[in-house]
2 protein chains.
Amino acid sequence: MAGVSTVRVVVVDDDPLVRAGLRMILGGAPDLDVVGEAVDGQDALDVIARELPDVVLMDIRMPRMDGLAATRRLKERGTSARIIVLTTFDTDEMVLTALQLGASGFLLKDTAPADLVVAVRRVALGEPMLSPSVTNQLIAAVTRPSDDGRRRKARTLLARLTEREREVADAVSDGMTNTEIARSLHLGVATVKTHVGSVFTKLEVTNRVQVARYVHDAADDR
Amino acid sequence: MAGVSTVRVVVVDDDPLVRAGLRMILGGAPDLDVVGEAVDGQDALDVIARELPDVVLMDIRMPRMDGLAATRRLKERGTSARIIVLTTFDTDEMVLTALQLGASGFLLKDTAPADLVVAVRRVALGEPMLSPSVTNQLIAAVTRPSDDGRRRKARTLLARLTEREREVADAVSDGMTNTEIARSLHLGVATVKTHVGSVFTKLEVTNRVQVARYVHDAADDR
DNA sequence: CCCAGGCTCCACCGGACGGTGGAGACGGAG
DNA sequence: CTCCGTCTCCACCGTCCGGTGGAGCCTGGG
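Since the structure is predicted, the reported quantities are computational estimates derived from the model, not experimental observations. (Residues numbered from 1 in each chain as written. Chains lettered and ligands numbered in written order. Predicted model: local features only at pLDDT ≥ 70, side-chain atom pairs only at ≥ 80, totals over all residues. Heavy atoms only, no water.)

**Structural notes on unusual backbone geometry**
One non-glycine residue, E204(A), lies in the positive phi region at around 60°. Positionally, E204(A) belongs in the loop between helix 10 (189–203) and helix 11 (208–219). (Helix = DSSP H or I, 4+ residues; strand = E, 2+ residues; numbered from the N terminus.)

Encoded structure:
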């Protein structure tokens, strides 16, 4: 895909100095070709549609349409361009949002020129490229021990349930009525009521919404 | 911290050929110094305790004690050494486990020698270093679009609720009865029932457990 | 062998829930 | 001003839920 020969790049930033700087840095590499510039997200959509670049360097903070919105639009219309988000700040939320939108890279503006060139090359090849601090955020996001307290408690309590009770509890937390559960498990309604009752006792709750809470807490993956 | 001058490295792998290879690659860099080798996790603990390296290149698959277990032990005893996990395979689980244990890097054994040297230097400086495919796994882990679908739907539907209805819906999903909600919001039970009713209509559900599902889906942060 | 525990079911009851239709007050949009 | 939406409440009614106290059945362990 793309540049076996030359990697076509579009630079999107509202600051003329930044655009000039990027053009100079990337232009210094013989295998990179800055084929277009845009000053905001709206502009970027046009330029990218026209130039069909391999890689887009996209600022986030821009007037009219910001870089994340532009990235969303591009991905929606199935662009083949890989997008590197380039920003001064790396707030947690922006990083996750950008990556969820399908950005291939997330670089801080303090990235060394040489690294920037490397990043563009790698992204053009389909590899991801993140600044170290962004990588750290990603690791932190994945590592998070979640809501350990509630989850442990929920698991402990749920572990006391018998097989059948567990099935019933699951059905309850799916929002089913006793009658529906009875049908679904091929049981009498009376039996379901018995099971639901012992689930209440074992989980120390008094209504089915609270059962749903426990079940969902315990299931909460990741 | 550590190597302003020389980065002290320990290589841990049960395969003599791999150790020799790594020693050659890293030894070729004047600022890197391979100060020790270990053939398994158990051995590694001793060598690292003795040599106090800046960076450890740690294989996962090893006899006696594997690399992940060794990493855990090292971190438990508060080692200052940064650990790069080096393996042929990059299963999802191993990656997450390694990072949760505090590994600073996760590289595949097909990493280019030059990149390996770069990785050791960066990790020595406290930066993370992941192979592209590992980064992709992390991104995938964070992206999970499945959750997103339910969540968007839930948010959309919940957005239709009025302020009051939203409060009532929250109370409902906390497992409160109508009477409790009435007391907590200083309302008549009749009013609560009305609100609950319109919540059902707007969310297109028929009982309060299903309301709890929507509310929790929409709230599901991370 | 018996007993404990799990699964299945039953009857009864009061209270909570869910659906329907209405009403008065208030505030903002047209 | 009138209309519309929101918030507040009311009454009625059938259903479902949750609690209590049973009862058989089967399996596995002491």
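**Focus: the relation of the copies chain A and chain B**
Note on the identical chains: chain A maps onto chain B by a rotation of 178° and an axial translation of 1.9 Å, with an RMSD of 2.2 Å. Here 91% of the contact residues of chain A are again contact residues in chain B; the copies associate through an equivalent surface. (Least-squares fit on C-alpha atoms with pLDDT ≥ 70 in both. Contact = heavy atoms within 4.5 Å.)

**Observations concerning the protein's contact with DNA strand C**
In the neighbourhood of DNA strand C, 17 residues make up the surrounding shell, with T162(A), G188(A), T191(A), T194(A) and K193(B) lying closest. Expressed as a percentage, the sugar and phosphate content of the atoms of DNA strand C within 4 Å of the protein is 65%. A distance of 2.4 Å separates a phosphate oxygen of DNA strand C from a polar side-chain atom of T162(A). Within the side chain of K193(B), a nitrogen or oxygen atom sits 2.6 Å from a base oxygen of DNA strand C. For the surface near DNA strand C, the secondary structure elements donating two or more residues are helix 8 (163–173) and helix 10 of chain A together with helix 10 (189–203) of chain B. (Near = heavy atom within 4 Å. Polar contact = N/O pair within 3.5 Å; in protein donor to acceptor, adjacent residues only side chain to side chain.)

**Topic: the interface of chain A and chain B**
With 33 residues of chain A at the contact, the number on the chain B side is 30 residues. Interface area, chain A with chain B, both sides summed: about 2,800 Å², of which 59% is carbon and sulfur. Across the chain A-chain B interface, the total number found is four salt bridges. Between D115(B) and R122(A) there is a salt bridge whose closest N-O contact spans 3.3 Å. Connecting chain A to chain B are eight residue pairs in polar contact (both at pLDDT 80 or more). Mapped onto the side of chain A that touches chain B, the elements with two or more residues apiece are helix 4 (92–101), helix 5 (113–124), helix 6 (132–143), helix 8 and helix 11 of chain A. With eight residues, the single largest contributor to the side of chain A that touches chain B is helix 6 of chain A. A breakdown of the residues in the side of chain A that touches chain B according to their chemical character gives 12 nonpolar, 10 polar and 11 charged. (Buried area = accessible area lost by both parts, 1.4 Å probe. Salt bridge = Lys/Arg side-chain N within 4 Å of Asp/Glu carboxyl O. Nonpolar A, V, L, I, M, F, W, Y, C, P; charged D, E, K, R; others polar.)

**Here we look at the protein's contact with DNA strand D**
Neighbouring DNA strand D are 16 residues, the closest being K193(A), T162(B), G188(B), T191(B) and T194(B). The side chain of N178(A) places a nitrogen or oxygen atom 3.1 Å from a phosphate oxygen of DNA strand D. Contacts to DNA strand D include G188(B), whose backbone N or O atom sits 2.5 Å from a phosphate oxygen. Among the secondary structure elements, those contributing two or more residues to the surface near DNA strand D are helix 10 of chain A together with helix 8 (163–173) and helix 10 of chain B. For the surface near DNA strand D, the leading source of residues is helix 10 of chain B, giving four residues.

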